[in-house]
Amino acid sequence: MTTSSKPDITPQSASLKAKGPSTDLLKQWLRDMLLIREFEVRTMQAYQNKKIGGFCHVYIGQEAVAVGCTAALEPNDPVVTAYRDHGHALARGMDPKYGMAEMFGRIGGCAKGKGGSMHFFDKEHHMYGGHGIVGAQTPLGAGLAFATKYEDEIINGGVSNRVTLSFLGDGALNQGSFHEAQNLAGVLDLPVIFVCENNGYSMGTAISRGTTMGHDITSKAAGYGFDSAVIEGMDVIEVYEGMKAVVDKCRETSRPAFVDMRTYRFKGHSMSDPRKYRTKEEEQQYAQDDPIDKLANELMNNRGLSRDEYDVMAKEVKKQIREATKWAEASPIPDIEELYRDVYVEKFGPYSGTSLPAMLED
Amino acid sequence: MPQRTMVEALNLALDQSMANDENVCVMGEDIAINGGVFRVTKGLLEKYGSNRVMDTPLAECGIIGTAVGMAIYGLKPVAEIQFSGFTMQAFDQIEQNMARYRSRSRDRYPISMVMRTPYGGGIRAVEHHSESRESYWAHTPGLKVVIPSGPRNARALLKASIDDPDPVVFYEPKAVYRAFREDVPDEPETMEIGKAQVVREGADLTIIAYGAMMRPVLEATDDLVELHGMDIEVIDLLSIKPMDTQTLVESVTKTGRCVIVHEGPRTCGIAAEIIARLNEDAFEHLIAPIKRLTGYDIHFPFFQVEQHYLPDADSIIEAVKETMAFDA
Ligand SMILES: Cc1ncc(C[n+]2csc(CCOP(=O)(O)OP(=O)(O)O)c2C)c(N)n1
Ligand SMILES: [Mg+2]
């Protein structure tokens, strides 16, 4: 499929085709992807203005993965991911104001402003968080799948009917925890899908330099006896359709699966990355493959979306993120006593002697 | 004498050790082509080639385990773990193999290797990118634990660690990496591991610290001496294990008062160990209870409050004043 980097302006209503997901659904996905993109653009600006601390890894380029995968799930299917997590939380339905407040380190944030970029949690939307330690979230995916299956089958006496998505980067393929998780999921027959967002790089290391069989990572899953799929992650329709098949089968059979989701991060690994490990040409080539432009083109060329409608949508999204940012900035910085909260079940933990928080003595 | 940052000084130590001994190899995530996240290994690939300067896969347990294998055969690997928080992935290999090989093989396979890793707060990072867990390693028999505080001792101690016949955990205070420059000579320089340094002599009170905490300690000391007329002795521990008990005891025997500063959590922190030793060997000379100023017993907090978590000159001055004012 060829795409231009800018959406085509003239809708070709003559060639409207009604195959695949409905036009309304596609418009919703376009909006979701635009929202993630705008969130990330504002995040980068705020980071450069030193309003955000910690590390910051943006999802620009990979939006179709979170949006398409989420669309293939039921709302109560658990999701767990690594540190490049903004897109998953937003796609899952988290209000961006909670995300932005988290980025700004404000108490209104999704982790009370105490975690930041890598810690997007949203219980309401069954989002079990971002994780800063590469690979460490993958066994959690197996555990979540065990728990839903246990609840469905043992506690409720029914059949297992939920699926867990356990996202990981290609770099995480090299971690022991990932392999242990796969083996466990296979042995215990767990309804978990390991979705590898294969953007080709782990920081500055190209997958071919850091991972054996990097050209065919489904071979890893084959070793554990899983079904796997290779999905074109720059096209949200392909992500949805590919994932829908994998998710439905996993739900039905309660067997784990693995997905090689081919994608690309348009920006650096984090905010300070000169990207010397890849060529400008490669970046330009992928820029042509922008998932947002691709869907916008599809909608304009084949589904009757007008340029005006697109502009209105983009404007609404900008406004929503602007308001989220305002809300975040108005949210207070956590009190100092928040340092001690949420470490243990007791409000300030089971401390004694001079380990007792000084703020409690005042 | 050339002025160098700690990053440059560490790079110099690696460079000279590699030039001198072809058994020395460096390895880690993105350390070759990119020169490491903090650029400590910059330029080594070009000089020594990819057999001795290795980009590894993202797999800390594998990195340390492989380094152990290389070391027990006789090479001298210097493995970088990108942030000390990620050494936890390698805990198994550090605790079970790196620390125990000499003992387990009954000295048939001694193990000389270094695990370098940046630790500590002060760079607006998050939990697993800011913590100080030196206590874990100090608690592990078989390991040495070295923590420099400035460019010059960093260079000398890294050389000493590479030359050391036992495995060394080399904790680099990342807040100091580029914080200041210091005279660091071109000629190779080394220091004895296990020796603390009396940085300033004084008669009234001893402050003991190490790593990134040395800067606020010295800042506080200037104030205490100049504005409050106190005669403070300052000790830079440099080596957590072996610990230079003698220098600590001699100092506190003289001053009778002591404040210990570290950024790692309080419970079972290094201060607790120092207090125990001083209790054993300097008890009768104490004029006041020994005070410890440490990180709290919490996960390292997010950037807006990290300055509250970390001991600073103000809190050190406060702790010293309280100790000086103690009246039994
Ligand atoms: C255990 C561990 N080791 C190293 C790191 C440092 N680190 C953070 S992200 C990253 C690269 C991960 O790449 P990948 O899994 O492909 O995810 P992507 O950044 O492409 O989304 C590395 C090495 C870490 N966070 N955790
Ligand atoms: Mg990647």
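Thresholds applied
- Residues numbered from 1 in each chain as written.
- Chains lettered and ligands numbered in written order.
- Predicted model: local features only at pLDDT ≥ 70, side-chain atom pairs only at ≥ 80, totals over all residues.
- Helix = DSSP H or I, 4+ residues; strand = E, 2+ residues; numbered from the N terminus.
- Contact = placed C-beta atoms within 7 Å.
- Core = buried A, V, L, I, M, F, W, Y, C linked by C-beta atoms within 7 Å.
- Buried ≥ 20, exposed ≤ 12 C-beta atoms within 10 Å, placed from the backbone.
- Domains from an automatic or database assignment.
- Pairing = 2+ DSSP bridges.
- Axes fitted to C-alpha atoms, helices over the stretch in contact; angles between N-to-C directions.
- Parallel < 35°, antiparallel > 145°, perpendicular 65-115°, else oblique.
- Left-handed = near helix turned anticlockwise from the far one by under 90°.
- Nonpolar A, V, L, I, M, F, W, Y, C, P; charged D, E, K, R; others polar.

On to the overall build of chain A, then. Within chain A one finds 13 helices and seven strands. Each principal axis of the C-alpha distribution contributes one length, and for chain A these read about 75 × 50 × 45 Å. Here the analysis covers contacts within chain A between residues at least 6 apart in sequence; of these, 75% occur between residues at least 24 apart.

Attention now goes to the environment of B:Asp166. Residues and elements named next belong to chain B. Among the secondary structure elements, Asp166 is positioned in the loop between helix 7 (151–163) and strand 7 (168–173). C-alpha separation for the pair Asp166 and Val26, spaced 140 residues apart in sequence, amounts to 17 Å. Those residues in contact with Asp166 that sit more than four places away from it in its chain are Arg102, Ser112 and Lys144.

Let us now look at the nonpolar core. Looking at soluble globular proteins, one finds that nonpolar side chains tend to be buried together. Membership of the largest hydrophobic core comes to 187 residues, with the highest contact counts inside it found for A:Met33, A:Ile193 and B:Ile207. With nine residues, helix 1 (residues 23–48) of chain A is the single largest residue contributor to this core. Built from parts of two domains, this core gets at least three residues from each of domain 1 (3–183) and domain 2 (197–325) of chain B. If we ignore the near neighbours within four places in the chain, the residues touching B:Ile207 are B:Val217, B:Thr221, B:Ile232, B:Val234, B:Val259, B:Val261 and B:Val320. Membership of the second largest hydrophobic core comes to six residues, among which are A:Leu339, A:Tyr340, B:Phe300 and B:Tyr309.

So, about the sheet that holds strand 3 (residues 192–198) of chain A. Residue and element names in this part refer to chain A. Pairing is parallel across the open sheet formed by five strands, whose spatial order is 1-2-3-7-6. In this open sheet, the two edge strands, each paired with only one partner strand, are strand 1 (79–80) and strand 6 (227–232). Relative to strand 2 (residues 164–169), strand 1 runs parallel, the two being bridged by two bridges. The residue bridging Val79 from the neighbouring strand is Leu165, located in strand 2. Against the sheet, helix 5 (residues 138–155) contacts strand 1, strand 2 and strand 3, and its axis sits at roughly 175 degrees relative to strand 2.

Moving on, we get to the packing of helix 1 (residues 6–20) of chain B against helix 7 of chain B. All names here are of chain B. Between helix 1 and helix 7, the shortest axis-to-axis distance is 8 Å and the interhelical angle comes to 30 degrees. When the axis of helix 1 is compared with that of helix 7, the two are roughly parallel. Note that helix 1 runs across helix 7; the crossing there is right-handed. On helix 7, the residues that touch Met6, Ala9, Leu10, Leu12, Ala13 and Ser17 of helix 1 are Pro151, Arg152, Ala154, Arg155, Leu158, Lys159 and Ile162. Residue classes in the contact of helix 1 with helix 7 are distributed as nine nonpolar, one polar and three charged.

Keep in mind these values describe shape, not function.
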